[in-house]
Amino acid sequence: LTGLAPNTLYYIRAYAANSEGIGYGSEKSITTDPVAGATIVTADVTSITTESAVSGGTITSDGGGEVTSRGVCWSSLQNPTTADNTTSDGSGTGTFESIMTGLSPNTTWYVRAYAVNSSGTSYGNEVTFITTGAAPSVTTSAVTSVTSVSAVSGGNITADGGSPVTVRGVCWSTGDNPTLNDTHTSDGSGSGNFTSLLTGLTANTVYYIRAYAVNEFGTSYGNLLSFSTDEINGNVADADGNEYDFITIGGQVWMTENLRTTHYQNGDPIITGLDNSEWAATTLGAYSIYDNDPANIDEYGLLYNWYAVTDNRNICPVGWHVPTAEDWTLLAGYLTANGYGFGGSGSDIGKSMAETSGWNASSTEGTVGNDQ
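Residues numbered from 1 in each chain as written. Predicted model: local features only at pLDDT ≥ 70, side-chain atom pairs only at ≥ 80, totals over all residues. Heavy atoms only, no water.

Caption draft 1: The arrangement of the overall build of the chain in detail. Of the regular secondary structure elements, the chain holds 5 helices and 25 strands. Here the chain holds 372 residues, and 35% of them are scored as buried. Long-range pairs, those at least 24 residues apart, make up 56% of the contacts in the chain with a sequence separation of at least 6. Carbon and sulfur atoms make up 48% of the accessible area of the chain, which amounts to about 19800 Å² in all. (Helix = DSSP H or I, 4+ residues; strand = E, 2+ residues; numbered from the N terminus. Buried < 20%, exposed > 50% of the residue type's maximum accessible area, 1.4 Å probe, protein only. Contact = heavy atoms within 4.5 Å. Areas by Shrake-Rupley, 256 points an atom, 1.4 Å probe, with all protein chains shown as cover.)

As structure tokens, this is what we get:
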């Protein structure tokens, strides 16, 4: 007897026919078994990328009921079900292929084939795979706060590629498509938005800039932007509103006057009025007046101790910084190479600069840090 419905009560009689008619045997009854779940095997995973992979399955038996839906389900947790991510790949028995998309990179995934018939949903064996990793995804922020020597940009890391971002920032150059081989900032780690301060720029110059992000799988760059620094406008103001003339020397921009601010860049006051012993003992930033004579401020500026000079609140105007050893080396190299007669050593150059700026340079050693 074939073609019976599952889980159904049937009544059966044998029969025989001759020339006299048809005779029937005694009646019997049977109940067919319920439909069983389909039998299914999960296919191995292939074509694995950062965000997709291919699997599928083979349904070897429908369990006595038509397979109306089939596919694969997957999750980052074991034993995925159709309540997780799924594909839908037709109906019936046999072999089918499934494409999984929207995966996260560098992640372990668990996948099972499934088949649905009137008895419910059946699952195949569980298969595990790991998506490949990728460099981060990053965009470059618009350039703002442009001056003759500085600008502000940054970026947004929208995806870490499956591995933590260890370094991020922006890189820039006067040539197209800057990389980490060019000048760059380092602005922390992790995903999300970040801000970068570009300093040491040359006035009236076109720069190209890209954000960058680094993880274990590589370095990626954001979209390319360009901007032009401002022309030198002749003066810059400190936190007190004092204005200073400045000049460009070999691509560097230097003040031509001595600093005389009494506040840090953020507006905090710099202490003063210390006597000799207090000056020697303090570990706070402080300033004094040359010869304690206010008449000297206009010509010589103020005298700052090391703690004030190195305070991260910055005694210089916004966009400016206290010269570094590298800054002085570049200046000395430019002056020497261009025949300004300052000699080859930093001492000779410092002494000559002191003479031209009104400081007493009669000592045998000129100190390049004292006049600016």
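Caption draft 2: Region of the structure containing the pattern of salt bridges. Within this structure, the stated rule accounts for 3 salt bridges. Between R260 and E257 there is a salt bridge whose closest N-O contact spans 3.4 Å. Using a relative accessible area of 22% as the deciding quantity, one classes E257 as partly exposed. Across the pair R313 and D311 runs a salt bridge, and its minimum N-O distance is 3.0 Å. On the basis of relative accessibility, which here comes to 18%, the residue D311 falls in the buried class. (Salt bridge = Lys/Arg side-chain N within 4 Å of Asp/Glu carboxyl O.)

Caption draft 3: Summary view of the sheet that holds strand β14 (residues 151–159). One open sheet holds the 3 strands; their spatial order is β13-β14-β17, and the pairing between them is antiparallel. Edge strands, defined here as strands with exactly one partner in the open sheet, are β13 (137–140) and β17 (192–198). The average angle at which neighbouring strand axes cross in this sheet is 25°, direction not considered. As judged from the 4 bridges shared by β13 and β14, these two strands associate in the antiparallel manner. Residue pairing across strands places T139 opposite N156, the latter belonging to β14. (Pairing = 2+ DSSP bridges. Axes fitted to C-alpha atoms, helices over the stretch in contact; angles between N-to-C directions.)

Caption draft 4: Up close: the nonpolar core. One finds V45, I59, W74, M100, L103, V111 and F129 to be the most contacted residues of the largest nonpolar core, which totals 17 residues. Secondary-structure elements contributing two or more residues to this core are β6 (52–61), β7 (69–75), β9 (94–101), β10 (108–117) and β12 (127–130). Broken down by element, this core gets its largest block of residues, 4 residues, from β10. Those residues within four positions of V45 in sequence are excluded, and the remaining contacts are A53, V54, S55, M100, V111, V127 and F129. The next biggest cluster of nonpolar side chains, apart from the first, holds 16 residues, and it includes V149, A308, I315 and C316. (Core = buried A, V, L, I, M, F, W, Y, C linked by side-chain atoms within 4.5 Å.)

Caption draft 5: Examining the layout of surface pockets more closely. If you add up the space inside the second largest pocket, you get close to 420 Å³. What lines the second largest pocket is a set of 21 residues, and nearest its centre among them are S150, L197, T199, G200 and L201. When its residues are assigned to classes, the lining of the second largest pocket shows 7 nonpolar, 14 polar and no charged. (1 Å grid on protein atoms, 1.4 Å probe; cavity = no way out; pocket = protein on both sides within 12 Å on 5 of 7 lines; lining within 4 Å. Points joined across faces, edges and corners; volume = space filled by probe spheres on them. Nonpolar A, V, L, I, M, F, W, Y, C, P; charged D, E, K, R; others polar.)

Caption draft 6: Region of the structure containing the sheet that holds strand β5 (residues 39–42). A sheet is described by the order of its strands in space; here 3 strands give the open sequence β5-β6-β9, paired in antiparallel fashion. Lying at the two open borders of the sheet, with one neighbouring strand each, are β5 and β9. In this sheet, adjacent strand axes meet at a mean angle of 25° when their direction is disregarded. Judged from the 4 bridges that link them, β5 and β6 form a sheet pairing that is antiparallel. Looking across to β6, one finds that V41 is bridged to T58.

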